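Coordinate analysis (summary)
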Amino acid sequence: MPADREVALSINGLYKVFADDGGRGLSLAVEGRSKDEIQEETGAVVGLRDINIEITRGELFVVMGLSGCGKSTLVRCINRLIEPSVGQVWLNGREITAMSDDELRDARRHDLAMVFQHFGLMPHRNVIDNVALPLEVGGVAKPERRDRAASALELVGLADWGGSMPNQLSGGMKQRVGLARGLAMETPVLLMDEPFSALDPVIRRDLQDELLALQESVQKTIVFITHDLNEAVRVGDRIAIMRDGAVVQLGAPNDVVLNPADSFVREFTQDVRLHGMVTAASIMDTGAEALAGVTDDRYVVQEDAVLDELVPAGLSATQPLQVVNRAGALVGVIPLERLARAMVSDEAAASLAAE
């Protein structure tokens, strides 16, 4: 997590155990007993186990894992659609888990909105009224809610579709309406529970692009749930991988893919093409001697450029590639022989990045 960024959402020691009438299942979970052992002994089901996460303001934070790992339970515990068994959730300095019902309703109206996988559009309402529905429920006056709904539709590229009915929209357009509904709430935090998983790959990628472009402009704090690692890698600033209700690894996408914490994460990430993950910063030399040898400024790459982007520059270069940060300052160099080694295979690229 960037040290200079303010924490927007903090999750501390969060547990959720279902069907745990006597609390025995929670006690065993805290002791470290396995999910299967707890279920066999008590009948209780561990949904979340000791979740501790801090998410910074403006971060797009991805939670992912296989079906049943607890990721959707986590996002619902954040806004208390599911009540945690124990633990705390803090939002901008206010404890969500200690709020009264009235305070929680207010927080859901003004502080955090949710976008679901199934967008649940009302078939008898047109698009703009579907987007404005949560505002209507929240008591926002009609002129204001329609203005906010129209602005949200413009953000998702549906400005001309406000008067259309849901049955006139494609699946991708309906999902955009669901996203617009969340944006119209104008909350600083947006929870997105597998919002694109029901869409075909082409539409899904288009909406990922739109989400990233949208995030550039609105800079919301987003918790994004997915079971698709390629989607997680593509959209996330950081990724938390869950298994059996616990976070087994948390880090930047390239850290998770290149340095898996255990065999589960390694197997989970094995199909990601590493040439799209290895960055210039991960294979550059930073020593004073290497930097002192720079004599030609024609071959310059950004430190976050991935290997697939470095290859074209390397093919035409006669000097080591110079690596610069966003301010344009020289931070390292990549010898051409090292770049050539990394180009050979994914395994070679990962090995160099891990050195």
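As the structure is a computational prediction, the values presented were derived from the model and not from experiment. Think of each chain on its own: its residues are numbered from 1, step by step along the sequence as written. Residue-level local features of this predicted model are given only where pLDDT is at least 70; pairs of side-chain atoms are given and counted only at 80 or more, and the full residue set underlies all totals for whole chains, interfaces and linings. The basis for the side-chain values is all heavy atoms of the structure; hydrogens and waters are excluded.

A tally of helices and strands in the chain yields 16 helices and 13 strands. In terms of overall dimensions, the chain has C-alpha extents of about 65 × 55 × 35 Å along its principal axes. For each residue, the accessible area found with a 1.4 Å probe, counting protein chains only, is set against the maximum for its type, and the residue is called buried under 20%, exposed over 50%, and partly exposed in between. A buried classification covers 48% of the 355 residues belonging to the chain. Once local pairs closer than 6 in sequence are excluded, the contacts in the chain between residues at least 24 apart make up 65%. Only DSSP runs of H or I reaching four residues or more are called helices, and only runs of E reaching two or more are called strands; each is numbered from the N terminus. Any pair of residues with heavy atoms lying within 4.5 Å of one another is described as a contacting pair.

With respect to the secondary-structure elements, Met165 resides in the loop between helix H6 (142–155) and helix H7 (171–184). Not counting residues up to four positions away in its chain, the partners in contact with Met165 are Pro123, His124, Arg125 and Asn126.

What follows concerns the sheet that holds strand S7 (residues 189–193). Between any two strands, pairing holds if DSSP finds at least two bridges. Pairing in this open sheet of six strands is mixed, and the strands run S6-S7-S8-S3-S9-S10 from one edge to the other. Looking at which strands have only one partner, the edges of the open sheet turn out to be strand S6 (112–115) and strand S10 (246–251). The sheet shows a mean angle of 20° between the axes of neighbouring strands, direction not considered. One ladder, built from four bridges, connects strand S3 (residues 60–64) with strand S9 (residues 238–243); its direction is parallel. Along S9, the bridge assignment pairs Phe61 with Arg238. Note on method: axes are straight lines fitted to C-alpha atoms, helices fitted across the in-contact stretch only, with angles between N-to-C directions ranging 0 to 180 degrees. Against the sheet, helix H3 (residues 71–78) makes contact with S3, S6, S7, strand S8 (221–226) and S9, and its axis sits at roughly 150° relative to S8, the strand it touches most.

With that settled, consider the pairing of strand S1 (residues 7–18). Strand direction decides the pairing type here: S1 and strand S2 (residues 45–56), joined by eight bridges, are antiparallel. Of the residues in S2, the one forming a bridge with Ser10 is Glu54.

On to the sheet that holds strand S12 (residues 321–324), then. If you walk across this open sheet you meet the three strands as S11-S12-S13, and the pairing is mixed. Either end of the sheet is taken by a strand with one partner, and the two such strands are strand S11 (300–302) and strand S13 (330–334). The mean inter-strand angle of the sheet, taken between neighbouring strand axes irrespective of direction, is 35°. Across three bridges, the pairing between S11 and S12 is parallel.

This paragraph deals with the packing of helix H5 (residues 127–137) against H7. Between H5 and H7, the shortest axis-to-axis distance is 8 Å and the interhelical angle comes to 40°. In terms of orientation, H5 lies oblique with respect to H7. As H5 packs across H7, the resulting crossing turns out to be right-handed. Residues Val127, Asn130, Val131, Pro134 and Leu135 of H5 pack against Val177, Ala180, Arg181 and Ala184 of H7. Tallied by class, the residues present in the contact of H5 with H7 amount to seven nonpolar, one polar and one charged. For this classification, under 35 degrees means roughly parallel, over 145 means roughly antiparallel, 65 to 115 means roughly perpendicular, and everything else is oblique. Each helix crossing is assigned a hand: it is left-handed if the near helix lies turned anticlockwise from the far helix by less than a right angle, otherwise right-handed if that turn is clockwise. In this classification, the charged set is Asp, Glu, Lys and Arg, the nonpolar set is Ala, Val, Leu, Ile, Met, Phe, Trp, Tyr, Cys and Pro, and all remaining amino acids, among them Gly, are polar.

Counting buried positions along H3 yields six of eight residues, so the element is predominantly enclosed. Buried within H3 we find Lys71, Thr73, Leu74, Val75, Cys77 and Ile78. Phi turns positive, to about 60°, at Arg80, one or two residues after H3.

Here a Phe, Tyr or Trp ring, Trp counted by its six-membered ring, pairs with any other such ring whose centre lies within 6.5 Å, and the pair is stacked when the planes are under 30 degrees apart, edge-to-face when over 60, and tilted otherwise. Counted by the stated rule, this structure contains two aromatic pairs. Here, a charge over a ring is recorded when the distance from Lys NZ or Arg CZ to the ring centre is within 6 Å and its angle to the ring normal is within 35 degrees. One cation-aromatic arrangement involves Lys16 over Phe18; the distance from NZ or CZ to the ring centre is 5.2 Å.

Below, the discussion takes up the domain arrangement of the chain. Where each domain starts and ends comes from a domain assignment, either automatic or drawn from a database. Examined at the domain level, the chain breaks down into domain 1 (56–273) and domain 2 (276–354). Spacing between the C-alpha centres of domain 1 and domain 2 amounts to 35 Å.

This brings us to the pattern of salt bridges. What makes a salt bridge here is a side-chain nitrogen of Lys or Arg within 4 Å of a carboxyl oxygen of Asp or Glu, nothing more. Counted by the stated rule, this structure contains 19 salt bridges. Residues Glu59 and Arg238 are paired through a salt bridge, measuring 2.5 Å at the closest nitrogen-oxygen approach. Remark: Arg238 occurs in strand S9 and Glu59 occurs in the loop between S2 and S3; sequence separation between them is 179 residues. What makes Arg238 buried here is its relative accessible area of 10%. Put simply, Asp228 and Arg204 hold a salt bridge, and the shortest N to O gap is 3.8 Å. In this pair, Asp228 is assigned in the loop between S8 and helix H9 (229–235) and Arg204 in helix H8 (residues 201–218), connecting sequence segments 24 residues apart. Note on Asp228: relative accessible area 21%, which makes it partly exposed. Owing to a relative accessible area of 10%, Arg204 belongs among the buried residues under this scheme.

Right, let's get into the pairing of S12. Burial along S12 is two-sided: the face carrying Leu321 and Val323 and the face carrying Gln322 and Val324 are both buried. Regarding the hand of the β-α-β motif, the stretch spanning S11, helix H14 (residues 307–316) and S12 is right-handed. Two elements, S12 and S13, share four bridges in a ladder whose sense is antiparallel. Bridge pairing in S13 links Leu321 to Ile334. Between the end of S12 and the start of S13, which pair antiparallel, lie five residues, with Gly328 showing a positive phi angle near 90°. A clockwise path from the first strand over the helix to the second, with the strands pointing away from the viewer, defines a right-handed crossover.

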